[in-house]
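Notes for the structure review
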Amino acid sequence: MRLFVSEGVPGCLPVLAAAGRARGRAEVLISTVGPEDCVVPFLTRPKVPVLQLDSGNYLFSTSAICRYFFLLSGWEQDDLTNQWLEWEATELQPALSAALQEGEDVLGSVRRALTHIDHSLSRQNCPFLAGETESLADIVLWGALYPLLQDPAYLPEELSALHSWFQTLSTQEPCQRAAETVLKQQGVLALRPYLQKQPQPSPTEGRAVTNEPEEEELATLSEEEIAMAVTAWEKGLESLPPLRPQQNPVLPVAGERNVLITSALPYVNNVPHLGNIIGCVLSADVFARYSRLRQWNTLYLCGTDEYGTATETKALEEGLTPQEICDKYHIIHADIYRWFNISFDIFGRTTTPQQTKITQDIFQQLLKRGFVWQDTVEQLRCEHCARFLADRFVEGMCPFCGYEEARGDQCDKCGKLINAVELKKPQCKVCRSCPVVQSTQHLFLDLPKLEKRLEEWLGRTLPGSDWTPNAQFITRSWLRDGLKPRCITRDLKWGTPVPLEGFEDKVFYVWFDATIGYLSITANYTDQWERWWKNPEQVDLYQFMAKDNVPFHSLVFPCSALGAEDNYTLVSHLIATEYLNYEDGKFSKSRGVGVFGDMAQDTGIPADIWRFYLLYIRPEGQDSAFSWTDLLLKNNSELLNNLGNFINRAGMFVSKFFGGYVPEMVLTPDDQRLLAHVTLELQHYHQLLEKVRIRDALRSILTISRHGNQYIQVNEPWKRIKGSEADRQRAGTVTGLAVNIAALLSVMLQPYMPTVSATIQAQLQLPPPACSILLTNFLCTLPAGHQIGTVSPLFQKLENDQIESLRQRFGGGQLEETFDLKAKTSLKPAVVETVTTARPQQIQALMDEVTKQGNIVRELKAQKADKNEVAAEVAKLLDLKKQLAVAEGKPPEAPKGKKKK
């Protein structure tokens, strides 16, 4: 059979995706024609796409062609899919035609249709339109919507179920290939020539023309749903199960849900910026706190990744030993995460005897089973430094994309892994000389030999799991290209030693043993670590990271563990974010651009506000960007005017009108309906967090708060309290129900804003069991007669001038002012109140001087030179470091005394 398609014709998207699914079931020849070509001889107008069958007959409607390909794949028709196809033809297509041709109010034409899809997905709690598996309806609707929704501006954030559905389909290979063929990376612009020749769509009937946004539609509730919500409400605190007894250490318990959560180990030598924080530790913290609220047996661990080239490089830059660098930056990391209120059960490090023992044991098992082999490799050697150069000691031009500052292991621009010898124009990072290629012996992990085991494991793991679409796509793309043997040793001193004769001067490559750090960190926490890490039958492992870390967690460590054949616990749910950018660019410590973890606490903005905003813009499904203006808007609108306003009003009404005691509540049918709506949104919150859709679940909290504000506004208890007995009773009911919604919100907020959550609970005097358990039903936790505490505002307004000042400070502005590095007057840190900073060129010059002087000091120490001579050079180094600190806008550190051993 032959499929005729054309670039820039929207109907070709779903048929190409459907054809991709049928690949292997039938031979399909795909021919590209012009949109004006007459393919079907008996049609009066040109038409594409067209499928010419082997019989000579033609199919020329998008749905018919897609249906044919799905039937070839063994798909069985069902009524729900047919209903979706009818709806797509009669409702969605006219709205989309109008949207794609208008160019102005695009969403106005199609919002109702998008909301319908979102509500349908949410109500049935399935990932696809017709159930748990992808159907014909999904491909047809995806193809219809893709030209519009591939632009994030047209995919409303509040339609979270639609967002997840669209992203899941868009990352599948058949859909990606279809989009590349039809749109040629031009998006909706590729369709304009075709659309302009189509007849103008008639306006949708029965709708008033208005510029006002449509109000959010409340879900239709059945009488049974309302009755169930009322019954659960009335049971109140007696519904709560007993609290789980706290363990120390936390260990798996047979018969319970045991959740092991890891956050990608941050490199010790870097100060994490906001993107690093949301990408792993903060996202994992939300899920860990949520897991504890569900009474799941939860262990959350992380730590600093301390071995490897990056640490040696930083040590050279700062004139310290690798161990001193690790000690210094481990404390910096721990302090940052403590300020952000990250609730680790363990925050460890990888430079431990346990790391050596477990890594060497896994290596020995792999070696014994024939999964490790030796080979001679060509490697860059710096003759000036007299050493082979590990990957991060080399940089040059990427052989794939031409980026001029690619590292010797990976290009930061295109993300591809590379071998250092592949770099064009390589340079030694220490001395900037050009290295030469020489031969050396290394060990390799035979990934191709383990590939079948890996694919079998993925086949068991992925169905029904919560791997993010990008994690699945990255993993599939590596497997599609075929796994290659990977070198697991490096010519370094700072790392886990290789326990093999002839390799005493080498260490394990950090990508091989860094993920083993999770095991060793647990082993430092408890000598019963194997109950977590060799117990896949009882442990659910969730791993959080940014997308660049996916291959090491989805391929490398699983291959190592499967090859070791020791029943290791492997990842059940791999949660990967996209990247968070800063305003219109990237975070850069050296250029003073962006907020880094050690700076956030100096802004005067509380940690919970940072947590809220980062989670609100969490890059789920696509990259997102931090914006100072948006931070101000979200704080002032969502927190101050919505959430804070509602909770404060509810508490103040109890204090002001009822003496601080929750009044009697006599629920009307409208109140009962509100209970059911809150319950429905609470259940949606649970569904989203169980699927680790953290950003989307936050919207449920804000939606409930909006319901609460609207409820108070409509019922006006401040007026009714002054009226008749019936009015006063009504004021009491509204106040009591509102303050119970506030109590519920305080618990739902706990994973996101723990300090604000605790503040609300203290103000409302919420009973302790209700603070620690979150059920799927809305309960009356503050019954009539309950006394609350003192109520006060939760949030402060952010002002424009305050935000503008911070924007200047973190936008590179702190590097704009000149600074005289040779100031005649000496600086005394104790009296310096403001620090001016230098230009980037001056800072770089000082950094180079510090590196150079550090090398001089090390050489003198290695030569065991005269102590006075060494001391003089050390004094010069310290002075240069002071100048650099001042140039970077930091007050010079006070001298530190030596610790006694």
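Residues numbered from 1 in each chain as written. Predicted model: local features only at pLDDT ≥ 70, side-chain atom pairs only at ≥ 80, totals over all residues. Heavy atoms only, no water.

Some remarks on the overall build of the protein chain
The helix and strand tally for the protein chain stands at 31 helices and 20 strands. Across the 901 residues in the protein chain, those meeting the buried criterion constitute 53%. In the protein chain, 76% of the contacts between residues at least 6 apart in sequence involve partners at least 24 apart. Taken as a whole, the protein chain presents about 41,300 Å² of accessible surface, with 50% of it coming from carbon and sulfur. (Helix = DSSP H or I, 4+ residues; strand = E, 2+ residues; numbered from the N terminus. Buried < 20%, exposed > 50% of the residue type's maximum accessible area, 1.4 Å probe, protein only. Contact = heavy atoms within 4.5 Å. Areas by Shrake-Rupley, 256 points an atom, 1.4 Å probe, with all protein chains shown as cover.)

Details of the packing of helix 24 (residues 694-715) against helix 26 (residues 725-748)
Contact geometry of helix 24 with helix 26 gives a least axis separation of 10 Å together with a crossing angle of 170°. The pairing of helix 24 with helix 26 is recorded here as roughly antiparallel in orientation. The handedness of the crossing between helix 24 and helix 26 is left-handed. The residues of helix 26 that touch helix 24, namely those facing I701, I704, S705, Y711, I712 and N715, are R730, T733, V734, L737, A738, I741, L745 and M748. Taken together, the residues that form the contact of helix 24 with helix 26 break down as 10 nonpolar, 3 polar and 1 charged. (Axes fitted to C-alpha atoms, helices over the stretch in contact; angles between N-to-C directions. Parallel < 35°, antiparallel > 145°, perpendicular 65-115°, else oblique. Left-handed = near helix turned anticlockwise from the far one by under 90°. Nonpolar A, V, L, I, M, F, W, Y, C, P; charged D, E, K, R; others polar.)

Digging into the side chain of S624
In this structure, S624 sits in strand 20 (residues 624-626). A distance of 2.6 Å separates the side chain of S624 from the backbone oxygen of I617, its partner in a polar contact. Residues contacting S624, with those up to four places away along its chain left out, are Y579, L580, N581, I617, R618 and P619. (Polar contact = N/O pair within 3.5 Å; in protein donor to acceptor, adjacent residues only side chain to side chain.)

Quick word on the pattern of salt bridges
Pairing is possible between side chains of opposite charge, provided their charged atoms come close. For the structure on display, the rule yields 39 salt bridges. A salt bridge links E318 to K314; its shortest N-O distance comes to 3.9 Å. Pair noted here: E318 and K314 are both in helix 11 (residues 309-318), with a separation of 4 residues, about one helical turn. A network of salt bridges, in which partner residues are shared, links E173, R177, R480 and D481. (Salt bridge = Lys/Arg side-chain N within 4 Å of Asp/Glu carboxyl O.)

Some details on the sheet that holds strand 10 (residues 394-397)
Ordered by their spatial adjacency, 3 strands build an open sheet running 11-10-12, and the pairing between neighbours is antiparallel. With one partner strand each, in any of the chains shown, strand 11 (406-407) and strand 12 (424-428) form the two edges of the open sheet. Where strand 10 and strand 11 come together, 2 bridges link them in antiparallel fashion. Bridge assignment links G396 to a residue of strand 11, and that residue is A406. (Pairing = 2+ DSSP bridges.)

Considerations on the packing of aromatic side chains
Considering all chains together, one arrives at 33 aromatic pairs under this definition. Between the aromatic rings of W84 and W87, the centroid separation amounts to 5.5 Å while the plane-to-plane angle is 90°, which identifies the pairing as edge-to-face. Remark: W87 and W84 occur in helix 3 (residues 79-102); sequence separation between them is 3 residues, near one turn of the helix. Here W84 matches W87 in class, with each residue buried. Among the aromatic residues, ring-to-ring pairing joins F287, Y290, W296, Y542, F544 and Y685 into one connected group. Over the aromatic face of F400 sits the side chain of K416, whose NZ or CZ is 5.6 Å from the ring centroid. Taking the ring centre of Y509 as reference, the NZ or CZ of R490 above it sits at 3.9 Å. (Phe/Tyr/Trp six-rings, centres within 6.5 Å; stacked < 30°, edge-to-face > 60°. Lys NZ or Arg CZ within 6 Å of the ring centre and 35° of its normal.)

Examining the sheet that holds strand 9 (residues 387-388)
Note on sheets: strands pair through backbone hydrogen bonds, and any given pair is parallel or antiparallel. Read from one edge to the other, the open sheet built from 4 strands follows the order 9-8-13-14, with strand pairing classed as antiparallel. This sheet does not close on itself; its edge strands, each paired only once, are strand 9 and strand 14 (486-487). Taken together, the 2 bridges between strand 8 (residues 372-382) and strand 9 define a ladder with antiparallel strand orientation. Counterpart to C382 in the pairing with strand 9 is R387.

Description of the pairing of strand 5 (residues 258-263)
Most of strand 5 is tucked away: 6 of the 6 residues are buried. Residues N258, L260 and T262 of strand 5 are buried on one face, and the alternating residues V259, I261 and S263, pointing to the opposite face, are buried as well. Since strand 5 and strand 6 (residues 297-304) lie parallel, the crossover through helix 10 (residues 274-293) that links them has a hand, and here it is right-handed. (Right-handed = clockwise from strand over helix to strand, strands pointing away.)

Notes on the nonpolar core
Residues W628, Y685 and Y752 are the most contacted members of the largest nonpolar core, which totals 182 residues. Two domains each put at least three residues into this core: domain 2 (256-371 + 444-577) and domain 3 (641-787). Y752 has contacts with V286, R611, L615, Y685, L689, I694, A697, L698 and I701, leaving out every residue within four places of it along the chain. Within the second largest apolar cluster, 61 residues are counted, among which are V9, A18, F128 and L149. (Core = buried A, V, L, I, M, F, W, Y, C linked by side-chain atoms within 4.5 Å. Domains from an automatic or database assignment.)

A few points about the side chain of E395
Secondary-structure assignment places E395 in strand 10. Within the local environment of E395, its side chain forms a polar contact with the side chain of R432, the two groups lying 3.0 Å apart. The residues contacting E395, other than those within four sequence positions of it, are A406, L423, K425, P426, Q427, K429 and R432.

Things to note about unusual backbone geometry
With an omega dihedral of 5°, the bond running from V48 to P49 counts as a cis peptide bond. Take P49: it is sitting in the loop between strand 2 (29-32) and strand 3 (50-52). Each neighbour pair has its own omega, and for N248 with P249 the value is 0°, a cis peptide bond. Notably, Q295 is not glycine yet its phi reads approximately 65°, a positive angle. With respect to the helices and strands, the residue Q295 is situated in the loop between helix 10 and strand 6. Here Q295 falls in the buried class, since its relative accessible area comes to 17%. We note that E565 has phi near 55°; this positive angle belongs to a residue other than glycine. By secondary structure assignment, the location of E565 is in the loop between helix 19 (550-564) and strand 18 (573-577).

Structural notes on the packing of helix 26 against helix 27 (residues 754-764)
For the pair helix 26 and helix 27, the least separation of the axes is 8 Å and the interaxial angle reads 145°. Considering only the axes of helix 26 and helix 27, their crossing is left-handed. Seen from helix 26, the contacting residues are V739, A742, A743, S746 and V747; seen from helix 27, they are S757, I760, Q761 and L764. In terms of residue class, the contact of helix 26 with helix 27 is built from 6 nonpolar, 3 polar and no charged.

So, the environment of T577
One can find T577 in strand 18. Not counting chain neighbours up to four residues away, the residues in contact with T577 comprise I278, G279, S283, N470, M545, A546, K547, R618 and P619.

Section: the state of the cysteines
Scanning the entire structure with this criterion turns up 0 disulfides. Cysteine C401 is unpaired, with the sulfur of C411 as its nearest cysteine sulfur at 3.6 Å. (Disulfide = S-S within 2.5 Å.)

So, the environment of R695
Locating R695 in the fold gives a position in helix 24. For R695, a relative accessible area of 6% corresponds to the buried category. For the pair R695 and E620, spaced 75 residues apart in the sequence, the C-alpha separation amounts to 7.4 Å. The residues contacting R695, other than those within four sequence positions of it, are H163, L615, Y616, I617, R618 and E620.

As for helix 23 (residues 669-690)
Along its 22 residues, helix 23 runs 31 Å from first to last C-alpha, staying within 8% of the 32 Å computed at 1.5 Å per residue. Positioned one or two residues after helix 23, V692 has a phi angle of 60°, which is positive. (Expected span 1.5 Å × (residues − 1).)

Structural notes on the pairing of strand 10
Sheet topology note: the strand 10/strand 12 ladder contains 3 bridges and is antiparallel. Across the sheet, residue V394 finds its bridge partner in strand 12, namely C428.

Side note on the environment of V5
With respect to the helices and strands, the residue V5 is situated in strand 1 (residues 2-5). Of the residues examined, V5 reaches a relative accessible area of 2% and is grouped as buried. Residues V5 and G34, 29 residues apart in the sequence, show an inter-C-alpha distance of 8.1 Å. Once residues lying within four places of it in the same chain are set aside, the contact partners of V5 are C12, V15, L16, I30, S31, T32, V33 and P49.

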